[in-house]
Structure formats: structure tokens, C-alpha cells
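Structural features, examined
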Amino acid sequence: MSVRRVLFVCLGNICRSPLVEAVARKRLAEAGLDVAVASCGTGGWHAGEGADPRMVAAARAAGHDLSQHRARQLHERDFEDYDLLLAMDRDNLRELRKLAATPEQAERTALFLEWSGTAPPVEFPDPWHGDTAGFAASVKLAERGVAGLIERLRDANG
Ligand code: 4NP
């Protein structure tokens, strides 16, 4: 399967998936891979908002800019617009699969860290309720996941 467009999906689209999107965009460009990335949330409570300020700060400390992010909710059309839809945790994956209209669409969903072949955990912990250490840990995990993602995309896209 050639993968040209990847959508990262979490719950609120203000912490994990915007972070992974920003890390992926930067590392893909550095790797010279022509793959477009975006993110959304299965829930719509934060639609239109920027990323969580704690996530923005932790990302900035590692050289990633989330200042332009605006949250949006997952939509059925995302299955047409993206080749691969990667969920941060199993709840997100379940919601994604509920929205898939066909088995073919459901087959293009997976857990981000699992698809990327990253060492456990395969679920990306939600830092939202935690402390600042959790946000810094999220950045490290996003970098590991994206490194694995890039290797797998090289194989997938030849
Ligand atoms: P995210 O984190 O799914 O990584 O964006 C969360 C953001 C907001 C909420 C939960 C998780 N919330 O319950 O509002």
C-alpha cells in the first residue's frame, strides 16, 4: 500500500495528535519523504481551539512549533482524504472503526505506535490529566514513534 497522506487521531486533538503531526511533518521533510500529515480528534469539544499550552511549551522546548494548530473533529470524509488513519490509543481506534463505512476503510486504521513498530507501550498515554513531566515524555514518545513510522513508510512507498 502506497501511503501519501496520514491522519493522526486522538481524543481532543489538542495534545497527542497535534504533537505527532508536528514531529512527523518535520522529520518527514528532513527524510525527504513526500507524505502529507494532519491530525484530528474523535471528540469535538475542543474544535477550533489551539493546542494545550502545556503541550505547546513541551513541543517548543524540543524544537517543534504547535502555535498554528487548530483542533478539529474526525469526519467520515477523512477516510477518503487519507490513506492511513493512525489512532493514539485503543479508544480512539474503536471510534475510528465505528465511523469506517467499509471493511476497506477499517483496514486503513491502526494504532500509531503499533503500525510504527515502536517498542511498547503500543498505546500513546494521554498526558492531559497529568503533570509537565508527562508532556515532555509525550515529545520523546512522539519522536520514537515517528522514527519508526518513517522506516515503515520507506518500505511501504518503495
Ligand atoms: P488529546 O488529550 O486526546 O491527546 O488531545 C485530551 C484532550 C482533552 C481531553 C482529553 C484528552 N478532554 O477530555 O477534554
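Rules of the game
Residues numbered from 1 in each chain as written. Predicted model: local features only at pLDDT ≥ 70, side-chain atom pairs only at ≥ 80, totals over all residues. Heavy atoms only, no water. Core = buried A, V, L, I, M, F, W, Y, C linked by side-chain atoms within 4.5 Å. Buried < 20%, exposed > 50% of the residue type's maximum accessible area, 1.4 Å probe, protein only. Helix = DSSP H or I, 4+ residues; strand = E, 2+ residues; numbered from the N terminus. Contact = heavy atoms within 4.5 Å. Pairing = 2+ DSSP bridges. Axes fitted to C-alpha atoms, helices over the stretch in contact; angles between N-to-C directions. Salt bridge = Lys/Arg side-chain N within 4 Å of Asp/Glu carboxyl O.

**Section: the nonpolar core**
- One finds Phe8, Leu86, Phe112 and Phe124 to be the most contacted residues of the largest nonpolar core, which totals 37 residues.
- Of all the secondary structure elements, the ones that give two or more residues to this core are strand E1 (5–10), helix H1 (16–31), helix H2 (53–61), strand E3 (84–87), helix H6 (112–115) and helix H7 (132–157).
- Of all the elements, H7 adds the most residues to this core, at eight residues.
- The residues touching Phe8, leaving out its near neighbours within four places in the chain, are Ser17, Val20, Glu21, Ala24, Val37, Ala38, Ser39, Cys40, Leu86, Met88, Phe112 and Leu149.
- Within the second largest apolar cluster, 13 residues are counted, among which are Val9, Phe79, Leu85 and Leu96.

**Some words on the sheet that holds strand E2 (residues 36–41)**
- Spatially, E2-E1-E3-E4 is the arrangement adopted by the four strands of the open sheet, whose pairing is parallel. Each end of this open sheet is capped by a strand with a single partner; those strands are E2 and strand E4 (109–111). When strand polarity is set aside, the average angle formed by the axes of neighbouring strands in this sheet is 25°.
- The pairing of E1 with E2 spans six bridges and is classified as parallel. Its bridge partner lying in E2, Val6 is registered against Val37.

**Describing the pairing of E3**
- The alternating pattern of E3 places Leu84 and Leu86 and Leu85 and Ala87 on opposite faces, both of which are buried.
- Pairing geometry for E1 and E3, over four bridges, is parallel. In the strand pairing of E3, Val6 is matched with Leu84.
- Across three bridges, E3 lies against E4 in parallel orientation.

**Details of the pattern of salt bridges**
- Using the criterion set out here, one finds twelve salt bridges in the structure.
- For Arg25, the salt bridge goes to Glu21, with nearest N and O atoms at 2.7 Å. Here the residue Arg25 and the residue Glu21 both occupy positions in helix H1, the gap between them amounting to four residues, near one helical turn.
- With a relative accessible area of 43%, Arg25 lands in the partly exposed category.
- In this structure Glu21 comes out as buried when scored by relative accessible area, which is 11%.
- In this structure, Arg54 engages Asp52 in a salt bridge whose closest nitrogen and oxygen atoms are separated by 2.7 Å.
- Owing to a relative accessible area of 32%, Arg54 belongs among the partly exposed residues under this scheme.
- Looking at Asp52, the relative accessible area reads 8%, which means it is buried.

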